[in-house]
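# Structural overview for review
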Amino acid sequence: MLSLISTMEGNVPRSWTPGMPIVSLRDVRKFYGSLEVLKGISLDVRKGEVICIIGPSGSGKSTLIRCINGLNGIQHGSIRVEGLEVNDPKLDVLALRRKVGIVFQQYNLFPHKTALENVMLAPLLVLKEPRRQVEERARELISKVKLQGKENSYPGELSGGQQQRVAIARSLAMCPDVMLFDEVTAALDPETVKEVLVTIKQLASEGMTCILVTHEMGFAREVADHVYFTDGGVIVEHGPPSELFNDAKDPRTRRFLSQVL
Amino acid sequence: MTQVRTETGNARPAQYALSGVSWYHGAILLLGFVIVFAAVHLNSREADATNLSALDTLSLWLPFILKGFGLNLLMSFLAMAIATVLGVALGIAQVSQLGVVRVASKFVTHLFRNAPWLVILFTVMYLLPVEATLWGGEKVIIPDWIKATFAFSLPVMGNISEIVRGAINSIPTGQWESAEGLAFTRRQTMVHIILPQCIKRSIPPWMNWYALLTLATPMASILGVHEAVGNAQAAMEAGGGRPEFLLPFYLFLLCLFFAYIYPIALWTRKLEQKYAVSH
Ligand SMILES: Nc1ncnc2c1ncn2[C@@H]1O[C@H](COP(=O)(O)OP(=O)(O)O)[C@@H](O)[C@H]1O
Ligand SMILES: [Mg+2]
């Protein structure tokens, strides 16, 4: 299943220029022990693009997304983010993670900090920015995710959807160039799914580069520039949403879509 | 929310021995104390005029015994402070990424957790030098109570190390992941994210070990340290060493320690229940 577009194969130049893909994966293989979870994944994401990864549970979507910011290591292939090679033992992994924000299914807010403190902590500690500047940006981000008035609430006092929006704001506070979303609405009540999707949609419309793993097919169809269908650790099929959702070629894609649509 | 409170709140205290106490234990003890004193007092009144009654002897020596109890408290505070500092460091070392550090700290932790306190006490007594040289070069004799304090801190250190390790491991991995995703270093994650969340859940077992430590301090009397139990024994000797002294004196000591430990135990249980609800 490596036979993606032929132009995507080949060497990526060392230095990155804005015309090139901001994230670029080539033949990425990942093993857990002897279990091969990613079996040669290649994909490109251009700046400002929104791509969605869909596929059955266990197909390696989370693993793939976590490899992009170095939370998981890979055994073979290359992942480049703005010219940083993720699969380089000498990689400055913290520099990579400053460029790439990630939001998880389980929000994982820091429960002992208020919403505002959650958003402020990383810029203060990691970027070492002055507190006044950080607080100003954090308050802006909290209003951006429509949580004005909740600045001093603790995560335990917020609903799932509100917590997830704080998590998005927390990630954005680092001013990342790429955002990764791993099934961020999967743990939410149906009523609160929408408020999180609206936030992401707004982000996408502002030109943020987004890589989303999602089960919300309607949402993927609406926001994605490109959709990838994965199964068993390979990309089975990909294309613009109109093509993939209406006119899937592979029987596996069609079977999956018929189950979820 | 209230449902969680009753469910988890009732299930947890059984973990800690001291949490089993309740108010009527104190009442029973106090009643026993009063009855025994009354009996001893009535008996000894007609005994003979030359010897003081047990109660009079006790009240005569009361300041001496209480002064000894002050040393029990001082030893308990100092030992707990040492045990906490060393124990927290050891507990963090137990989850180090360096294998050598991890193995060494585990060894030290389990060595002191699984040794009888008396054996640790004697070992420390013989291992520590008689004198210490100060920065100025002058030599001072290390008092036995200091040595005993250090000895008592060691087993508690081992147990606090385990409390800290357990608390760190109980923090969901999602906390580590989201901190990692925000480009925190491991150290930043530990200091700002993980350890602050460990404090709350560690306080009840920590208090429990403080209570056990305080109860162990009379062991120092074996080595001639002038704490409450040793002083009470000395007072009985001085009063003529009469066998009818034994019950009131020891019952008094029991009440003394109980009066101090019991509120701590109740408070510990309260915190356990409170923290079982909110984290
Ligand atoms: N830490 C791990 N250790 C071993 N196997 C894992 C680990 N994480 C995921 N896997 C396995 O990798 C496969 C892909 O998992 P995942 O990336 O979570 O899939 P998805 O997100 O598409 O549901 C699954 O078979 C899963 O059991
Ligand atoms: Mg997943």
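Quick caveat: nothing in here was measured; it's all calculated off a predicted structure.

## Some details on the overall build of chain B
On a plain count of helices and strands, chain B comes out with ten helices and two strands. Put simply, chain B runs from its N terminus to its C terminus through helices and strands in the order α-α-α-α-α-β-β-α-α-α-α-α. Burial status across chain B gives 45% buried among its 279 residues. Contacts in chain B between residues at least 24 apart in sequence constitute 76% of all its contacts with a sequence separation of at least 6. Of the accessible surface of chain B, which amounts to about 14,600 Å², a share of 70% is contributed by carbon and sulfur atoms.

## Digging into the overall build of chain A
Within chain A, the regular secondary structure consists of nine helices and ten strands. The C-alpha atoms of chain A give a radius of gyration of 18 Å, which matches the 18 Å a tight globule of 261 residues would have. If you line up chain A on its principal axes, its C-alpha atoms span 50 × 45 × 35 Å. The proportion of buried residues among the 261 residues of chain A is 57%. A sequence separation of at least 24 residues applies to 64% of the contacts in chain A between residues at least 6 apart. Summed over its atoms, the accessible surface of chain A is roughly 11,300 Å², and 49% of this surface lies on carbon and sulfur atoms. Positive and negative charge centroids in chain A, built from 32 and 31 side chains respectively, lie 3 Å apart.

## Points about the sheet that holds strand S2 (residues 35–45) of chain A
All names here are of chain A. With respect to topology, four strands assemble into an open sheet ordered S2-S1-S4-S5, the strand pairing being antiparallel. Whereas interior strands pair on both sides, the edge strands pair on one side only; in this sheet they are S2 and strand S5 (84–85). Note that strand S1 (residues 23–32) and strand S4 (residues 76–81) share five bridges and pair antiparallel. The residue bridging Arg29 from the neighbouring strand is His76, located in S4.

## Section: the site of ligand 1
All names here are of chain A. Neighbouring residues of ligand 1: Tyr32, Val37, Pro56, Ser57, Gly58, Ser59, Gly60, Lys61, Ser62 and Thr63. At a separation of 3.2 Å, an oxygen atom of ligand 1 approaches a polar backbone atom of Ser59. Between Ser62 and ligand 1, the recorded distance is 2.7 Å, taken from a side-chain N or O atom to an oxygen atom. In terms of residue class, the shell around ligand 1 is built from three nonpolar, six polar and one charged.

## Overview of the interface of chain A and chain B
Taken together, the 23 residues of chain A in the interface contact 17 residues of chain B. The largest contributions to the chain A side of the interface with chain B come from Phe110, His112 and Leu125 of chain A, which together make up 29% of the buried area. Counting every contact that joins chain A to chain B gives two salt bridges. A salt bridge links Glu177 of chain B to Arg66 of chain A; the shortest N-O distance between them is 3.0 Å. Between chain A and chain B we count seven residue pairs in polar contact (both at pLDDT 80 or more) in total. Here the side of chain A that touches chain B is built from residues that sort into 13 nonpolar, four polar and six charged.

## A word on the sheet that holds strand S3 (residues 50–54) of chain A
Pairing between sheet strands relies on hydrogen bonds along the backbone, with the strands arranged either parallel or antiparallel. All names here are of chain A. Pairing within the open sheet is mixed, and its six strands lie in the order S6-S7-S8-S3-S9-S10. Strand pairing shows two members of the sheet lacking a second neighbour, strand S6 (100–103) and strand S10 (234–239), which therefore form its edges. Sheet twist, expressed as the average angle between the axes of neighbouring strands with direction ignored, equals 20 degrees. In terms of strand pairing, strand S9 (residues 226–231) meets S10 through five bridges, oriented antiparallel. What sits directly across from Phe229, in S10, is Glu237.

## A look at the state of the cysteines
Enumeration according to the criterion identifies zero disulfides over all chains in this entry. Cys52 of chain A supplies the cysteine sulfur nearest to Cys67 of chain A, a cysteine that is in no disulfide, at a spacing of 19 Å.

## Some words on the UniProt feature "transmembrane region" (unreviewed entry) in chain B
Residues and elements named next belong to chain B. The positions UniProt marks with the feature "transmembrane region" (unreviewed entry) are residues 21–43, 49–66, 73–95, 115–137, 209–229 and 249–268. Across residues 115–137, the secondary structure splits into 48% helix and 13% strand, with the terminal C-alpha atoms separated by 35 Å. Across residues 209–229, the secondary structure splits into 48% helix and 0% strand, with the terminal C-alpha atoms separated by 20 Å.

## What about the UniProt feature "domain: ABC transmembrane type-1" (unreviewed entry) in chain B?
According to UniProt, the "domain: ABC transmembrane type-1" (unreviewed entry) feature falls on residues 69–262 of chain B. Across residues 69–262 of chain B, the secondary structure splits into 75% helix and 3% strand, with the terminal C-alpha atoms separated by 16 Å.

## A word on empty space enclosed by the protein
Throughout the structure, instances matching the rule amount to two cavities of 30 Å³ or more. Approximately 60 Å³ is the volume attributed to the largest cavity. In this structure, the largest cavity is lined by Ile102, Val103, Phe104, Tyr107, Ala167, Arg170 and Ser171 of chain A together with Ser178, Gly181 and Leu182 of chain B. Those elements giving two or more residues to the lining of the largest cavity turn out to be S6 and helix H5 (160–172) of chain A together with helix H7 (173–181) of chain B. Among the elements that make up the lining of the largest cavity, the one with the highest residue count is H5 of chain A (three residues). Residues belonging to the lining of the largest cavity are distributed by class as follows: six nonpolar, three polar and one charged. As a volume, the second largest cavity reaches approximately 40 Å³.

## Some points on helix H3 (residues 115–125) of chain A
Most of H3 of chain A sits inside the fold, with nine of its eleven residues counted as buried. Taken as a whole, H3 of chain A has its buried residues at Ala115, Leu116, Asn118, Val119, Met120, Leu121, Ala122, Pro123 and Leu125 of chain A. Its buried side turned inward, H3 of chain A meets helix H4 (131–144) and H5 of chain A together with helix H8 (186–216) of chain B.

## Focus on the packing of aromatic side chains
To describe a pair of aromatic rings, you give the distance between the ring centres and the angle between the ring planes. Residue and element names in this part refer to chain B. Applying the stated criterion across every chain yields a total of ten aromatic pairs over all chains. With centroids separated by 6.1 Å and ring planes inclined at 85 degrees, the aromatic side chains of Phe69 and Tyr260 adopt a geometry described as edge-to-face. Linking Phe69 in helix H3 (residues 54–93) with Tyr260 in helix H10 (residues 246–277), this pair joins segments that are 191 residues apart in sequence. Ring centres 6.4 Å apart and planes at 10 degrees place the aromatic pair Phe77 and Tyr210 in the stacked group.

Cut-offs applied
Residues numbered from 1 in each chain as written. Chains lettered and ligands numbered in written order. Predicted model: local features only at pLDDT ≥ 70, side-chain atom pairs only at ≥ 80, totals over all residues. Heavy atoms only, no water. Helix = DSSP H or I, 4+ residues; strand = E, 2+ residues; numbered from the N terminus. Buried < 20%, exposed > 50% of the residue type's maximum accessible area, 1.4 Å probe, protein only. Contact = heavy atoms within 4.5 Å. Areas by Shrake-Rupley, 256 points an atom, 1.4 Å probe, with all protein chains shown as cover. Rg over C-alpha atoms; globule rule 2.2 N^0.38 Å. Lys, Arg positive; Asp, Glu negative; His and termini not counted. Charge placed at Lys NZ, Arg CZ, Asp CG, Glu CD. Pairing = 2+ DSSP bridges. Near = heavy atom within 4 Å. Polar contact = N/O pair within 3.5 Å; in protein donor to acceptor, adjacent residues only side chain to side chain. Nonpolar A, V, L, I, M, F, W, Y, C, P; charged D, E, K, R; others polar. Buried area = accessible area lost by both parts, 1.4 Å probe. Salt bridge = Lys/Arg side-chain N within 4 Å of Asp/Glu carboxyl O. Axes fitted to C-alpha atoms, helices over the stretch in contact; angles between N-to-C directions. Disulfide = S-S within 2.5 Å. UniProt positions renumbered as here; feature names shortened; annotations may be inferred. 1 Å grid on protein atoms, 1.4 Å probe; cavity = no way out; pocket = protein on both sides within 12 Å on 5 of 7 lines; lining within 4 Å. Points joined across faces, edges and corners; volume = space filled by probe spheres on them. Phe/Tyr/Trp six-rings, centres within 6.5 Å; stacked < 30°, edge-to-face > 60°.

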